[in-house]
Amino acid sequence: MVMVLSPLFLVFMLGLGLTPLTLAKDDHRYRHFLTQHYDRSPKGRDNKYCETMMERRNLTKPCKGINTFIHGNKNDIKDICKDKNGKPYKGNLRISKSAFQVTICKHKGGSTRPPCYYKATKAYRVIVIGCEKGWPVHFDESFVPPRKQSRAGSALPS
């Protein structure tokens, strides 16, 4: 019995074969973003935390000037790329609708060669990220969320 494959079936199979390559490329950029900027459950969040994490994540050859670690749930970060927890911001960037717990590690200065020494700042910040195909791939900035104003002009917590 001779089986004839339709052209549509061949296109479908070709598409299945190429899909993992595309996902792997996107996944690589997302994993790189997580390596540089994500730590679900930080311990300490002090200067030693920054020095340890920056070295562990290979961000000390040379000493990176500043890096932000985002804490919490990866899905909440991914949702910034969607309307669920993000909205458009300056060009192709997205801004989070909610604040995230972050640790900002700033190089104390001196030599850019290891050992690297960092000052840690703990904060809750709105974050701005770049997304590609629904995946976070670039951390751009963070800032303290604006406080809501009452009618009398005094600041109210958000």
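Residues numbered from 1 in each chain as written. Predicted model: local features only at pLDDT ≥ 70, side-chain atom pairs only at ≥ 80, totals over all residues. Heavy atoms only, no water.

What the chain contains, in helices and strands, is 3 helices and 8 strands. From first element to last, N terminus to C terminus, the chain shows the α and β order α-α-β-α-β-β-β-β-β-β-β. Carbon and sulfur atoms make up 58% of the accessible area of the chain, which amounts to about 10500 Å² in all. (Helix = DSSP H or I, 4+ residues; strand = E, 2+ residues; numbered from the N terminus. Areas by Shrake-Rupley, 256 points an atom, 1.4 Å probe, with all protein chains shown as cover.)

The next thing to look at is the state of the cysteines. As enumerated under the stated definition, the model contains 3 disulfides in all. The side chain of Cys50 participates in a disulfide bridge whose partner is Cys105; the two sulfur atoms lie 2.1 Å from each other. An S-S torsion of about -80° defines the bridge between Cys50 and Cys105 as left-handed. Placement of Cys50 in helix 2 (residues 47-56) and of Cys105 in strand 4 (residues 100-107) is noted, with a sequence separation of 55 residues between them. Across the disulfide from Cys63 sits Cys116; the S-S distance is 2.0 Å. The disulfide joining Cys63 to Cys116 has a torsion of about -85° about its S-S bond and is therefore left-handed. (Disulfide = S-S within 2.5 Å.)

It is worth spelling out the confidence of the model for the chain at this point. A residue-level look at the chain finds 77% of positions with pLDDT of 70 or above and a mean pLDDT of 84. The model gives residues 8-24 a pLDDT under 50, and that stretch makes 3 contacts with residues more than four places away or in other chains. In the predicted structure, residues 153-158 sits below a pLDDT of 50 and forms 12 contacts with residues beyond four places in sequence or in another chain. (pLDDT = per-residue confidence, 0-100. Contact = heavy atoms within 4.5 Å.)

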